[in-house]
Amino acid sequence: MNNPSTLHSSMKPIEEILPLLAHPRKIVITHHYNPDADALGSTLALYHYLTVKGHSCTVISPNSMPDFLLWMPDADKVMIYDQQIAQSNEVIKESEILFCLDFNQVSRTKVMTQVLNDYAGIKVMIDHHLFPDVTFDYGISIPEKSSTCEMVYDFINASGDNQLITKMMAQCIYAGTMTDTGSFKFSCTSSETHRMVADLMDKGLVPAPVHQAVFDNYQENRLRFLGYVLSEKMMIFPNQHTALIAISREELNRYKINTGDSEGIVNFPLSIKNIIFSIFISERESEIRMSFRSKGNLDVNEFARKYFNGGGHANAAGGKSDDSLSETIEKIKNALNENESLFKTCYQESL
Ligand code: 5GP
Ligand code: MN
């Protein structure tokens with residue numbers, strides 16, 4: 001089940017953790033800062049599974065979760081690290097095993113970086129991003145996988161426990177897989193992904209309410225913001241087959257936009273025929289947050305790494321900038337000019 005080419009040599013294969021789980025353990029499960037459906041879905045699915053297996057589990061999220069994910073079973077039991085620091089540190093200290101899901105660099109937890117670096121127990125990673133850190137004892141890293149949720153499903157199966165998958169686990173797993181695959185349309189969607197969904201439905205999953213809970217659950221302001229962004233703010237660079245949306249703090253405030261509300265907006269410009277690269281940047285408290293999406297062969301993970309200290313996947317990546325919004329826009333424009341021939345080639349290949 002491990003892919004040796006992407007597994008860091010010092011990290012033991014995840015199967016080797018199974019004997020340690022033969023007895024009840026104190027386990028903490030965590031995910032990256034600003035959790036999305038894959039982060040929360042995978043941690044809660046694993047939480048439900050390990051709890052059924054008799055372990056004593058706590059999910060700790062670095063910061064609060066967006067409202068559209070709070071329907072997930074037991075989301076209300078998740079501890080929020082930056083709101084309960086002393087209590088969370090105590091739970092982490094008491095635990096024997098720490099599962100890190102949907103991230104592969106400890107710094108992606110931001111506020112939990114220190115406590116994870118100092119962790120004395122066993123650190124396990126389950127993730128599908130490129131280039132894992134060296135800090136994990138056991139783990140699995142498969143960048144080709146659709147989602148961390150699908151990897152948790154594989155983990156349960158590899159443990160020989162397919163029959164223990166409940167409707168609650170199925171709902172969590174489905175939610176993260178659905179969002180990370182763009183509702184099963186991105187190229188990371190495999191036949192295994194579809195077979196998993198069939199199995200989850202056999203275990204009681206009803207997909208429609210999950211789609212509705214995640215995608216049809218916005219406030220009016222979010223849709224008005226989307227309208228404003230697409231009509232007033234989308235810049236098109238035809239020569240580079242790129243769209244750029246840059247949002248100031250004032251605009252976020254004007255439309256009362258929280259972090260979760262802007263999620264997914266970056267995908268809209270990709271529905272334009274000639275656009276293969278979409279960039280969405282917004283001015284947050286202490287930095288400019290950046291989202292990159294592409295169609296086809298254009299590797300935006302590489303772009304994010306090279307120019308904006310970020311990373312992610314080939315078609316979906318993120319990054320940050322400590323410059324001002326206007327400086328960041330200029331930097332993006334320069335990077336776009338520098339790569340014009342690459343974008344042209346990728347566009348031709350996409351036809
Ligand atoms: P999003 O645009 O949804 O925030 O992120 C897209 C993808 O890029 C996600 O898989 C996310 O994990 C990854 N990503 C986002 N921001 C960063 C970052 O600052 N560093 C790295 N390495 N990956 C990121
Ligand atoms: Mn993911």
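Residues numbered from 1 in each chain as written. Chains lettered and ligands numbered in written order. Predicted model: local features only at pLDDT ≥ 70, side-chain atom pairs only at ≥ 80, totals over all residues. Heavy atoms only, no water.

A. Broad picture of the domain arrangement of the protein chain. Domain boundaries in the protein chain define domain 1 (4–215) and domain 2 (220–350). Of the residues lining the interface, 11 residues belong to domain 1; the matching set on domain 2 comes to nine residues. For the pair domain 1 and domain 2, the interface holds one salt bridge. In this structure, the salt-bridge partner of K110 is E287, at a minimum N-O distance of 3.3 Å. Remark: the boundary between domain 1 and domain 2 carries three residue pairs in polar contact (both at pLDDT 80 or more). Split into classes, the residues belonging to the side of domain 1 that touches domain 2 amount to four nonpolar, five polar and two charged. (Domains from an automatic or database assignment. Contact = heavy atoms within 4.5 Å. Salt bridge = Lys/Arg side-chain N within 4 Å of Asp/Glu carboxyl O. Polar contact = N/O pair within 3.5 Å; in protein donor to acceptor, adjacent residues only side chain to side chain. Nonpolar A, V, L, I, M, F, W, Y, C, P; charged D, E, K, R; others polar.)

B. Broad picture of the sheet that holds strand β7 (residues 138–141). Reading across from one edge, β1-β7-β6-β5-β2-β3-β4 is the order of the seven strands in this open sheet, with parallel pairing throughout. Each of the sheet's edge strands pairs with one partner strand only, and the pair in question is β1 (12–13) and β4 (79–80). Pairing of strand β2 (residues 26–30) with strand β5 (residues 97–101) involves four bridges; the strand directions are parallel. Looking at β5, one finds that T30 is bridged to C100. Helix-sheet contacts for helix α4 (residues 148–158) involve β5, β6 (122–127) and β7, and the interaxial angle to β6 is about 120°. (Pairing = 2+ DSSP bridges. Helix = DSSP H or I, 4+ residues; strand = E, 2+ residues; numbered from the N terminus. Axes fitted to C-alpha atoms, helices over the stretch in contact; angles between N-to-C directions.)

C. Representation of helix α10 (residues 300–308) in the model. Listed as buried for α10 are V300, N301, F303, A304, Y307 and F308. The arc that holds the buried residues of α10, viewed along the axis, is 160°, so those residues lie on one side. Of the exposed residues in α10, the ones pointing more than 90 degrees away from its buried face are E302 and K306. Against the buried residues of α10 lie β10 (277–283), β11 (288–294), β12 (311–312), β13 (316–321), α11 (325–338) and α12 (340–350). Among the residues of α10, the N-terminal cap falls to D299, whose side-chain oxygen and the backbone nitrogen of N301 are separated by 3.0 Å. Downstream of α10 by one or two residues, N309 has phi in the positive range, about 55°. (Buried < 20%, exposed > 50% of the residue type's maximum accessible area, 1.4 Å probe, protein only. Arc of directions from axis to C-beta.)

D. Geometry of the sheet that holds strand β9 (residues 242–247). What the six strands build is an open sheet, ordered β8-β9-β10-β11-β13-β12; its pairing is mixed. Both outer strands of the open sheet, β8 (234–237) and β12, are each paired with one neighbouring strand and no more. Where β9 lies against β10, six bridges are found, and the strand directions are parallel. In the sheet register, T242 faces β10, and the bridge partner there is F277. Contacts from α10 reach β10, β11, β12 and β13 within the one sheet, and its direction differs from that of β13 by about 10°. Sheet contacts for α11: β8, β9, β10, β11 and β13; angle to β10, the most-contacted strand, approximately 165°.

E. Geometry of the site of ligand 1. Around ligand 1 lies a shell of 15 residues, among which R108, H129, R289, S291 and R293 are the nearest. The separation between an oxygen atom of ligand 1 and a polar side-chain atom of H313 is 3.1 Å. For ligand 1, an oxygen atom lies 3.2 Å from a polar atom in the backbone of G318. Of all the elements in the fold, those that place two or more residues in the shell around ligand 1 are β11, β12 and β13. Residues of the shell around ligand 1, tallied by class, amount to two nonpolar, nine polar and four charged. Both domains that furnish three or more residues to the shell around ligand 1 are identified here as domain 1 (4–215) and domain 2 (220–350). (Near = heavy atom within 4 Å.)

F. Focus on the packing of aromatic side chains. In this structure the tally under the stated criterion is 13 aromatic pairs. An aromatic cluster is present here, built from F277, F292, F303, Y307, F308 and F343 joined pairwise through their rings. Sitting above the plane of the Y218 ring, R222 keeps its charged end 3.9 Å from the centroid. (Phe/Tyr/Trp six-rings, centres within 6.5 Å; stacked < 30°, edge-to-face > 60°. Lys NZ or Arg CZ within 6 Å of the ring centre and 35° of its normal.)

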